[in-house]
Each structure stands twice: as structure tokens, then as C-alpha cells.
Amino acid sequence: MPMVKHSLKTPEAKRSKIVNNIKTKLTREDVLHVAKLSSLTLTDAEIKKFLPQLSRVVEYISQLSEVETQEVKPTSQTTGLVNIFREDQIKALNILPQDKALSGTDIIHNGLFKVPAILEGRINK
Amino acid sequence: MNLPLTIKDTQNALLEKKFKAVELVDSYLDQISKHNKEYNIFLTVTDEVAYSKAKEVDKLLAQFDKKVIENNPLFGVTAAYKDIFLTEGRRTSAGSKVLESYIPPYSATSVLRLEKAGAIPLGKLNCDAWAHGASGENSDFGPTLNPWNKEYVPGGSSSGPAASVASGMSLISLGSDTGGSTRQPANFCNLVGLKPTYGAIPRYGVIAMSSSLDTVGSLAHTVDDIEIMFDVLRGEDGFDAVVKNFNKAEIKTKFKLGIAKEYFIKGLDNEVEKMIDDVRKVYEKAGIEVVEISLPNTKYMVPVYYIIMPAEVSSNLGRFDGIRYGNDRNSFGEEAKRRIMLGSYVLSAGYYDAYYLKAMKVRSKIIEDFDKAFKEVDAIISPVSPTPPFKIGQNTSDPLKMYLEDVYTTSANLAGIPSLTLPSTFSKNKLPIGFQLMGSRFSEHNLFELGKLYHKEINYKPETAI
């Protein structure tokens, strides 16, 4: 299947807007935009499939706009615990030795992870 | 060998030398090799580890000492883990091609605690990839079939954990519950399942899905066994900072139960509705008052859940880049992609306030509803799923329809409260239907009491499907 090359700029004008808290329909540009934000590459077939599926879900979750929440504080966790600290001590049991930390890949160099270059112009110099 | 279906019966048989732990492992592995190909329950069978642990158990038994059980409450108990629990040196895939050959360098706290208590680990269990699903069909390694009827789903995302215990391939199993992923499959496979209070059991080493909702789930045939597991698993481990130590709640002598009027919605199956009414009658017959309560924000549970959960999923799955371990992001399956993108969407500039912030606020209202309810009643009786088990393939083309499966289960996760799923009856198609009991935070032991009482009243006997 052909991979779609995402352009770095998603045309803002073609993306859907929230008007009076009501979501307008999701567009192909929305899907491309969130795929880019998510570091996912989609095939044409996937875009075609995901657009109506995600659209329906977004439409469904948009019903929350009808709930009155002016005076309500948001909840991000339910424990009631605040600021759990521990001693700033290194315990051998709590850390992975280097060989174990590296055990998930063969692409290593001098005991370090080898990663793709993120800056251009320095490769092989 | 006729395999015992409770921890107590297993341990008594071992103590009475009816069989050795090694022979017990032979029997379970035999059941696995007979049926696993057909039902697709285990992704990895760890027979070497199982035999070495069984030999340890046999050694302990040989130096017969009554303290054996006291010190090892799970000794001789076969266990299997949903494949999102890291197991050092044993493959952990999360049901995803991204981690298809990943060997973790450390183990989850819950795995270590079960094995320290004497459990014998048989292997790793199939599940919806990354625990995303309500049917087991989102596994990148193929769906698991329901041992009660293989045309039906076993529920999800802990499909393997439920199917393994229901089919006699393991005595107990570990699942996870972020929005119903332990309770719904337990319900579809005629098992007891526990979603604990958020912060009761450490999640260290469990591949994270939605960190403000994730809990470690337990599955077994009886409430007694779930209670033993819970007491082994709970308490601080120094890794998961949301966990808190707590004392066993004082067991009440008089209970009052509630059923929310908002549960009786369009889409609730007749047989499930009748079962809830029967449950009410059983408790009333036992002298327990059951009253109608109101949870006014019930209809917003699924929309709130399908904003908060994907938001946290998109963040947690952001770490899988294929650099330090695993394959790259092209290996994600469809459902993981949908949830990651949905999460990125609700968190993205311009939409954050309308979706994510809004959902966190409605979450507060949902918690308020429960706080109010628990001032009036000790526990809430609720359906687990709106329907009995559905057929394989029935809901796969419409993700939203599958999401609505979670209508009764997500509330316990959003509110951080415990919920115990209990087997109750079978539908006219001979498929399991159960219910759940939700209680206030850290009230697990009272839920166990209510669960045991119910099972005593209906004369419940554990059984396996095949």
C-alpha cells in the first residue's frame, strides 16, 4: 500500500473548528494532523477507514458540552495523596544495570543506545 | 487428574499428598497443550519456570511444616499473567507486534509478589493489544475464543486471563482493569473478578495504558481466592507512588445496598435486567435492604472515559519508538492507532479545553455522585455488560459500538473505587451472566463479604467450561 507523505504543515483552514462548543465534522486534514502529532504514518486505506470512525467518536464525546461545569474543579487523580517523596538515595535494587538496560536492542555503540540523527548536516563528518 | 478449582482444595490435596506440585503442573500443561491451539489463550507457556517453581513447592512440602501455608499463602497455586505484566527473561508482548520479541529486564511487583507467595507461573496470556478492547479481538496475535462457546468472545481486554481460568488452564490469573478489562471478561467467562481501589495494588512493571485509571485485576473461581490474591498483592512497593498501605476494613454486620435507576437504559438486555432483579431478591431474602439510588451523570461515563483514557494512552504509548526495545511505530495495530490519534486530538491546541479539561470536570461530578451514594448505601449492584457475551466479529467494524460495551464498568475507574464481579447465572444460550458490586474506596473486604454471602445463598459451585 502506498504510504502518504505528510507535509510538515497541515493547512489550518481545512481543519475543523469548534463553534459554540459544538464540533464541526472531522476532516481528512484533521486526521493527517493528529497522525503527525502522534508520529504515526498512515496508509491511504487507513485514512479512509479512520476518518468516519474517529468522526463518530468525536461527535459522541462532544455531548459533554451540554454538562454544566462552571463551578466544578477538574479531577486528574483520585487518591487524595499529595507530593509523595522518597529519600534521594541510590539503591542498587532500584536501578537497571547497563547491560540489562541495553538488552532490548542490538543497535548499540560503546555501551550506549545508537539513535537516528535528529540534526541535519553532521552525518559522517 | 481432576483438578481442584479453589486454592484451599489445591493446597489440601498437596498437603494430603494426593499429588505432587510437579504432577499438578503436568496436568495444567496437558490441558494447555490439548486446547490452546484452538482457543488461542496462552501466547507464551513458561514450562521450565513452572517446573522449577513446582520442585521448590514439593521440597517445602517434604519438610512438612504447618507454617508452609501461613508463609506462602499461594503455595502450589498455578497462575498465569496477562501479557502486559513484565516478566524478567520471559517474553512480554502486550498483545502487540510492537513488542513481539521483547524480553523484559525486570518483573512487575504483582508478579514477584504472587511468586514469592508460592504461586507457580504457567505463562503469559493473550489480550487486546495494549489492553485496548472489550472482546479480545484487538490482539495482534488473533482473538481468544470463549471456552463456554467458541463462537463468542471471552470479553476483553483480559481475554486470556479469563479464558485460561474458565478452561482449567490455570487456577488464578492476573489481568488489568482500566475501564472494565478484568470485570467484563470475568463476567463473560463465569468468574469472579476484582478491580481494586485505585492505589491499592502497585502497577510497577505493568505496561501503562491510562495512568489515572489503570489498576491490577485478579481473576479466579471464588471470592475466597480473590481475597487471598488481594491480600498478597496490595500495599506499597516503593515504585508506584499512588499506592497506599491500609488496614483491612472492619466487616459490617448490617449492609444496605443500592441500585441506580439510571442503569435501566435502552440497550440493556432483558436477561441481564432480570438477573439484576434476581440478585436484588437474593439479597433481600438474606435480610439485606436494597434501595433505589441515583447516579445522575451515568450517561456521561463513556464520553468522559473516551476522552481521558485516549489522552493518557497517547502519552503512554509515545515512548514506543523502537529505539531501546521493540519495533517501530508502524507496528501498532488499528485500535492502538485510533486511540493514540483520538488522544492527540483531545489534547491538541484549540481542543484541550473543550474535551480534556471538560472531561476532567465531569469526572469530578461523577465522583461526587458516588460520594453521595455511599453516604446512603454500602455497595451498589450493577450490570457488568449491557448484554451477555456477543459473537466474534459482531462489533468489530464499529469502534463506537464496542466502546458502548463499557457503559457500566468505566465509572469505577473514573471514581477510583473497587468493584467485584460475581458469576450469577447463564443466559438461555448457555452463556455466563454476572453482576458487579461497587463500594467506597478501600472497602474491598466488605465487598468480599457481600460476594460470599450471595454465592452461599445461590449455592454457587465453581466449574470449568472444557
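Residues numbered from 1 in each chain as written. Chains lettered and ligands numbered in written order. Predicted model: local features only at pLDDT ≥ 70, side-chain atom pairs only at ≥ 80, totals over all residues.

S.K.: Looking at this structure, I do not really get helix H11 (residues 334–347) of chain B. What am I missing?
M.R.: Residues that lie three or four places apart on an α-helix share one face, since the helix turns once every 3.6 residues. A rise of 1.5 Å per residue sets the reference length of H11(B), with its 14 residues, at 20 Å; its end C-alpha atoms lie 20 Å apart and thus fit the reference within 8%. Among the 14 residues of H11(B), twelve are classified as buried, and the element is accordingly described as predominantly covered. Of all the positions in H11(B), only Glu335(B), Ala336(B), Lys337(B), Arg338(B), Arg339(B), Ile340(B), Met341(B), Leu342(B), Gly343(B), Ser344(B), Tyr345(B) and Val346(B) are classed as buried. For H11(B), the elements touching its buried residues are helix H1 (28–37) and helix H2 (44–61) of chain A together with helix H10 (301–316), helix H12 (353–376) and helix H13 (399–403) of chain B. (Helix = DSSP H or I, 4+ residues; strand = E, 2+ residues; numbered from the N terminus. Expected span 1.5 Å × (residues − 1). Buried ≥ 20, exposed ≤ 12 C-beta atoms within 10 Å, placed from the backbone. Contact = placed C-beta atoms within 7 Å.)

S.K.: Which parts of the structure should I look at to understand the confidence of the model for chain B?
M.R.: Fine structural detail should not be taken from predicted coordinates in areas where pLDDT scores are low. Across chain B, pLDDT averages 96, with 100% of residues at or above 70. In the predicted complex, the global pTM is 0.95; the interface-specific ipTM is 0.94. (pLDDT = per-residue confidence, 0-100.)

S.K.: Explain the packing of H2(A) against H10(B) here, please?
M.R.: When two helices pack together, their arrangement is given by the angle between their axes and by how far apart the axes lie. Closest axis-to-axis distance for the H2(A)/H10(B) pair is 9 Å, and the angle between their directions is 120°. Taken together, the axes of H2(A) and H10(B) lie oblique to each other. For the element pair H2(A) and H10(B), the recorded crossing hand is left-handed. On H10(B), the residues touching Val57(A), Tyr60(A) and Ile61(A) of H2(A) are Pro303(B), Tyr306(B) and Ile307(B). Grouping the amino acids of the contact of H2(A) with H10(B) by side-chain chemistry returns six nonpolar, no polar and no charged. (Axes fitted to C-alpha atoms, helices over the stretch in contact; angles between N-to-C directions. Parallel < 35°, antiparallel > 145°, perpendicular 65-115°, else oblique. Left-handed = near helix turned anticlockwise from the far one by under 90°. Nonpolar A, V, L, I, M, F, W, Y, C, P; charged D, E, K, R; others polar.)

S.K.: What am I meant to see in the packing of helix H8 (residues 223–233) of chain B against helix H15 (residues 444–457) of chain B here?
M.R.: All names here are of chain B. Running from N to C, H8 and H15 point in directions that differ by 165°, and their axes come no closer than 9 Å. Relative to H15, the element H8 is oriented roughly antiparallel. Judged by the twist between their axes, the crossing of H8 over H15 is left-handed. Only Glu444, Phe448, Gly451, Lys452 and His455 of H15 make contact with H8, whose side of the interface consists of Val223, Ile226, Glu227 and Phe230. When its residues are assigned to classes, the contact of H8 with H15 shows four nonpolar, two polar and three charged.

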